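# Topology and contacts: notes
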Protein chains: 2
Amino acid sequence: MSEKLNQLKAILGEVSDVGHAAAVLGWDQQVNIPPAGSEARGQQLGTLGKIAQEKFIADEVGGLLEDLKKEFDGADPASDEAALIRVASRNYAKAKRVPPSFVVEQALVASKSFEAWVEARSKSDFSIFQPHLEKVLELVHKYISFHPKAEHPYDTLLDDFEPGMKTADVKAIFDELRPQQVELIKAIAASKPVKDDFLYKKFNEKKVWDFSETIVAKFGYDFNRGRQDKAPHPFQTSFSVNDVRITNRFESDNPLATLFSAMHESGHAMYEQGINPDYERTPLEGGASLAIHESQSRMWENLVGRSLPFWEYFYPQLKKTFPSQLGNVNLKSFYKGINKVEPSLIRVNADEATYNLHIMLRLELEIAMVEGKVKIKDLPEIWNAKMKEYLGIVPPNNAKGVLQDIHWSGGAIGYFSTYALGNLVSAQLWERINKDIQGLDDQIRKGNFSELLGWLRQNIHQHGQKFEPQTLMQNVTGSKITPAPYVRYLKKKYSEIYGL
Amino acid sequence: MSEKLNQLKAILGEVSDVGHAAAVLGWDQQVNIPPAGSEARGQQLGTLGKIAQEKFIADEVGGLLEDLKKEFDGADPASDEAALIRVASRNYAKAKRVPPSFVVEQALVASKSFEAWVEARSKSDFSIFQPHLEKVLELVHKYISFHPKAEHPYDTLLDDFEPGMKTADVKAIFDELRPQQVELIKAIAASKPVKDDFLYKKFNEKKVWDFSETIVAKFGYDFNRGRQDKAPHPFQTSFSVNDVRITNRFESDNPLATLFSAMHESGHAMYEQGINPDYERTPLEGGASLAIHESQSRMWENLVGRSLPFWEYFYPQLKKTFPSQLGNVNLKSFYKGINKVEPSLIRVNADEATYNLHIMLRLELEIAMVEGKVKIKDLPEIWNAKMKEYLGIVPPNNAKGVLQDIHWSGGAIGYFSTYALGNLVSAQLWERINKDIQGLDDQIRKGNFSELLGWLRQNIHQHGQKFEPQTLMQNVTGSKITPAPYVRYLKKKYSEIYGL
C-alpha cells in the first residue's frame, strides 16, 4: 500500500481512537456517573474534542490528502482507497474552514443554552430560552458564513448530517408527502377508534427488560459485541465495530415502550456491528448519514416490530409472560393497539402516521429562522399555529410545544429532517427487500430474521460511510430517496387496521 | 498568578484530562466491556497514553518549567506553586529520559508477556513465562540505563512508585521487621488454633454486597462522588476528585471477603476524595505514593475493619442480616475468626501477621534479578525455598508459587515493597492518631468515624502529591517510615487473640 496512505491512516486512526474514547466517556456520563462527577467529565470531553480536532486539521493531514488525491487520481472511484481519500478530504475541508476559536465559542454557548432550555422547559417559559436561541442562531449564521455559498444557506447545515442532500430536495419530498399524510390522518380520525388501554396496565420492569433483550438477540444484535444498559434516554453508541452498545429506559406509565425502544436502538446497533471491519479507525467507519441510520432503527422498530407477522411469532410469548395484563387481549387487538393513530403533542411519542408531520413543522421553522424570515420571539405562536394546521391540536403550554426538543439548545439545526427521511428510506428499502427475499413475512412469522439482516448487512451496513446517502439509495433501490413507498406502506397498513 | 504558570497548568490540565479519560476506559474494560470489545480498547488506551506522553514531554513544557524554576526561586518551598513546579519538573525529567520508542516497545513486550503469564499460570508451567520474563528484565535494565546512576540500580525502579525512597532504606526496614514477624508467627503456630469455619458458609450475595456499602458509606466514602461496581478484581480508580469509584467481587467460597475488599478500596477512595480540589488537573492530584495510598486502604480494612470496637458496632447488624450463619457465633469468636493467622501460599489471601513476609520474598527476588544474581529459570526453586524458610510451607505447584502475581508480567518491578510499607505506615499513623484523638476506640464502637476521617483528610489526604512520602511521614508522625509501630500493633493484637 501507498506509504502516504499509511501515514494518513495512522493519524486518522488516532483521531478515531480519541473519538471513541470520548464516546465511552459520554456513555458513562449517561449510564453510570455519580451525581457530582459531571463537571469534570465535561472538561475531559472538551479536551478530547480539542485534541481530535487539532490532530485532524493539522497541515500534515492536508498535505497528505493533496498528495494522495494526485496519487490515486486514476484509481477506481468505488475502491476503498478512493472512498477513504474522498471522505477524508470532504471532512477535512469542512473542519478546516471553521476556526478552533469558533468551536470553543459554540461549545460554550451550547452549554449555557442547554441549561437555559432545561429551565425554560421545566417552567414552560419560552422567554428564558429566547435570548440563548437567538445567540445560537447567530452562531449558526456565522458557521454558514465560513463555508462556500450554497444554493440555500440551510444546505450547509443539512450537509453535515446528510452529505450531498439539498434543502430543495427535502422540501420537494416533504411537499409531496404532507398532503397525503394529512389526508390519511383525517380518514383515520373519522373511523372507529382503536383500543389500547391494556398497554398502560402495570407491567413488571425486569420481565419487560428481559423480553426486550430476547427480541433484539433474536433480531441478530450481538451481545458478544454489545450490551444494553439503563439511561435517562434510549440511545446507541459505538466504541468499535466489536463494542456497540444500546441504552433503554422503563417508564411505568408506558411500560411496553421499552420493547420498541430496544428494537429501535438495536436497529442502529446492528448497522454499526455490520460495518466492514476494514473501515475501523478510518473515516469510512460509522453510518452513511443520519437518515440511513434512522432507516435501520425505524425498520426494526416499525416495519418489523409493529407488524402482524412479528407479533404472530412473539405475542404468544409476551402473553405467557404477562398473563394477567394480556390474557384477555387477542393478537389482532394487541396489534391494533400498538398501532393506534392519534395526533399528539410530543414528537417522540408520535405514531407512524403522524410522526413526519412533527418533523415538517420543525424543518419549516428552521428554514425560516435561517432565512431570517421569523423572529425567535414569535416561534411559540407559529409553532402552535402549525400544530393546529397539521395535526388539529394546539399545545396547552410551551413545554409541550416549542420547548419539547433538546436539539436547538445544542445548536443542532439541520438535524430534524433526517428523522422523517429515515422513515421514508426504511419503506423504500423494505419494498426492495420484499422483492429480493421471497416470503419474508413467513420468515418473520417464524421468528427468523437472518435473511433480512443478511440483506441489510450486504446492501447497507458493510459499506459504512463509503457512499453518500443518495448514491447508496440509487445503487440499492434504483432511485434516490422518494416518499412514495412510505405513503404506500402507511395507506396499506392503516387501511387494514382502521377499515378505511 | 504568573502567566507562565497558567500556560503550564493549561497543558498539564489536558495531560490530566487524557489520563482520566484513559482511567474511564480502563474501568469500563474491567466492569462492562463485552467479550469482543477488548482488542479495540487496547488500541484506544495505547493512543491516549501516547498523546498524554507527547503532550507532557513537549519542549514547551520543559521551557516553561525552566522559566518557572527561576521565577519561583525565592518562593516558599511549601507553597502550592513551588510544589507544583517541583513535582512537575521531577516527572518531566523522568519522562524525558525515556525514548517514546522504548515506551512502545515496553507496552508490546508487556502485552505479550501478560498473555504468556495467563497461560503459564493456568497450566502451572513456568517455562511458558520464562522467556517473556527474561525479556521484561532486559527492558528493565534498559530502563534503568536511561536514568542517572543511583546508589543501587533498583533505586530507579522504586523511585517511580515511592518517590525519594531508597533500596537501602527498604532493606533496613525489612531486616528489622522480618525476625520479629517470623518469631510472632512461630508463637502463634504453637498456640491453640482459632476457629473460622462459620466464615465459609453460604451467604446471600446481594445481602453481603449491600452490607459492604452500608459499611463504607458509614466510613465516609461519598457515594455522591463515587460508586461500587462488580469486577473480576477489586480496585479503586479516579476520574476526578468528584468521581472516585471502587470495584468489588463476590466469591462464594469466601463470601465475607467482599466486606473487607470494600473497606480496603474505600480507604483508597476516601484518600482520593479528600485531596485538595485546587490540585485537580495538576501533577499534585492523586496520592503521595503507593505506600501512603496503601496505608489508607489497610488502615480502614485492618486497623479499623478487623478491630474489636468496629465489630462491637457492626456485628449485631451482621448477625441480624445472617442469622442462620452467625446466630450461634458470638462477637469474640467472630472477631477471632476474621483474624485467624495461618501461613498460606497466596499473597492476596494472607492475614496481617504473615502478609509482609510474602512481600519480603518478592523484594529479595526482584533485587537479585536486577543485580543479575539470579537466573530467571531458577526463580521457582528459589521462591519455594524462601517460602519454606519464611512461612514453613512449600507451594505444590508454580501457579500457587512464583506464577501467582500479575505484576512482573507487566514489567512492574519495584512495586511490591509498597504493599508492606503501606502496612507499616498504617500502624505508624495509627499511633499518632490515637495520641491526637481521645477515645477513638469508643467512637468506633459507636459507629462514628468522622473524627478519624477528618484527621486523615487534614494530615494526609488534602496534600495529594505535594510532599514526598518520607517528608509527609516526618511531618505527621515525627519520623520517617519505621517498622516499630506495626510490630507493636501485631504483638498486642495477636497476643490477646492467641493468648501468647
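Here the structure is a predicted model, which is why all the values come from computation and not from measurement. (Residues numbered from 1 in each chain as written. Chains lettered and ligands numbered in written order. Predicted model: local features only at pLDDT ≥ 70, side-chain atom pairs only at ≥ 80, totals over all residues.)

### Side note on the overall build of chain A
Helix and strand content of chain A: 21 helices and three strands. The C-alpha atoms of chain A give 23 Å as radius of gyration, which agrees with the globular expectation for 500 residues (23 Å, within 12%). The proportion of buried residues among the 500 residues of chain A is 43%. The long-range share in chain A, meaning contacts at least 24 apart out of those at least 6 apart in sequence, stands at 72%. (Helix = DSSP H or I, 4+ residues; strand = E, 2+ residues; numbered from the N terminus. Rg over C-alpha atoms; globule rule 2.2 N^0.38 Å. Buried ≥ 20, exposed ≤ 12 C-beta atoms within 10 Å, placed from the backbone. Contact = placed C-beta atoms within 7 Å.)

### A look at the interface of chain B and chain A
Taken together, the 30 residues of chain B in the interface contact 30 residues of chain A. Element by element, the count of residues in the side of chain B that touches chain A is highest for helix α1 (residues 3–31) of chain B, at eight residues. When its residues are assigned to classes, the side of chain B that touches chain A shows 13 nonpolar, ten polar and seven charged. (Nonpolar A, V, L, I, M, F, W, Y, C, P; charged D, E, K, R; others polar.)

### A short note on the domain arrangement of chain A
All names here are of chain A. If you check the domain split of chain A, you get domain 1 (3–97) and domain 2 (132–500). Taken residue by residue, the interface counts 19 residues in domain 1 and 20 residues in domain 2. If you list the elements that add at least two residues to the side of domain 1 that touches domain 2, you get α1 (3–31) and α4 (80–97). With twelve residues, the single largest contributor to the side of domain 1 that touches domain 2 is α1. Each residue belonging to the side of domain 1 that touches domain 2 can be placed in one class, and the counts come to nine nonpolar, six polar and four charged. (Domains from an automatic or database assignment.)

### Side note on the packing of α1(A) against helix α2 (residues 38–56) of chain A
Residues and elements named next belong to chain A. Taken N-terminus to C-terminus, the directions of α1 and α2 make an angle of 165°; their axes are 9 Å apart at the nearest point. As far as their axial angle goes, α2 and α1 are roughly antiparallel. Remark: the crossing between α1 and α2 carries left-handed chirality. Along the contact surface, α1 presents Ile11, Glu14, Val15, Val18, Gly19, Ala21, Ala22, Leu25, Gly26 and Gln29, while α2 presents Ser38, Arg41, Gln44, Leu45, Leu48, Gly49, Ile51, Ala52, Lys55 and Phe56. (Axes fitted to C-alpha atoms, helices over the stretch in contact; angles between N-to-C directions. Parallel < 35°, antiparallel > 145°, perpendicular 65-115°, else oblique. Left-handed = near helix turned anticlockwise from the far one by under 90°.)

### Let's talk about the relation of the copies chain B and chain A
Note on the copies: chain B fits chain A at an RMSD of 0.0 Å, the axial shift is 0.0 Å, and the rotation between them is 180°. Taken together, these values place the two copies in the relation of a two-fold axis. The C-alpha atom lying nearest the rotation axis in chain B is that of Ala21(B); the distance is 3.5 Å. Both copies present the same face, since 100% of the interface residues in chain B are matched by interface residues at the equivalent positions in chain A. (Least-squares fit on C-alpha atoms with pLDDT ≥ 70 in both.)

### A look at the sheet that holds strand β3 (residues 243–248) of chain A
Residue and element names in this part refer to chain A. If you trace the three strands from one edge of the open sheet to the other, you get β1-β3-β2, paired in mixed fashion. In this open sheet, the two edge strands, each paired with only one partner strand, are β1 (228–230) and β2 (236–240). Each adjacent strand pair in this sheet contributes to an overall mean axis angle of 30°, direction not counted. Note: β2 against β3, four bridges, orientation antiparallel. The partner of Gln236 across the bridge, within β3, is Ile246. Where α1 meets the sheet, it contacts β1, β2 and β3, and its direction lies at approximately 140° from that of β2. (Pairing = 2+ DSSP bridges.)

### Here we look at the sheet that holds strand β2 (residues 236–240) of chain B
All names here are of chain B. One open sheet holds the three strands; their spatial order is β1-β3-β2, and the pairing between them is mixed. Taken across any chain shown, the strands that pair with only one partner, and hence form the sheet edges, are β1 (228–230) and β2. Going from strand to strand, the sheet's axes swing by 30° on average, the running direction of each strand aside. Of the strand pairs in this sheet, β1 and strand β3 (residues 243–248) are connected by three bridges, and their pairing is parallel. Directly across from Gln228, in β3, lies its bridge partner Ile246.

### Regarding the pairing of β3(A)
Of all six residues making up β3(A), six are buried, and the element is well covered by its neighbours. Burial along β3(A) is two-sided: the face carrying Asp243(A), Arg245(A) and Thr247(A) and the face carrying Val244(A), Ile246(A) and Asn248(A) are both buried.

### Some remarks on the packing of helix α11 (residues 290–304) of chain A against helix α17 (residues 417–436) of chain A
All names here are of chain A. The geometry of α11 relative to α17 is characterised by a closest axis approach of 7 Å and an angle of 65° between their N-to-C directions. Every pair of crossing elements has a handedness; the one defined by α11 and α17 is right-handed. Counted together, Leu290, Ala291, Ile292, Glu294, Ser295, Arg298, Met299 and Leu303 of α11 and Thr418, Tyr419, Leu421, Gly422, Asn423, Val425, Ser426, Ala427, Leu429 and Trp430 of α17 form the full contact between these two elements. Taken together, the residues that form the contact of α11 with α17 break down as eleven nonpolar, five polar and two charged.

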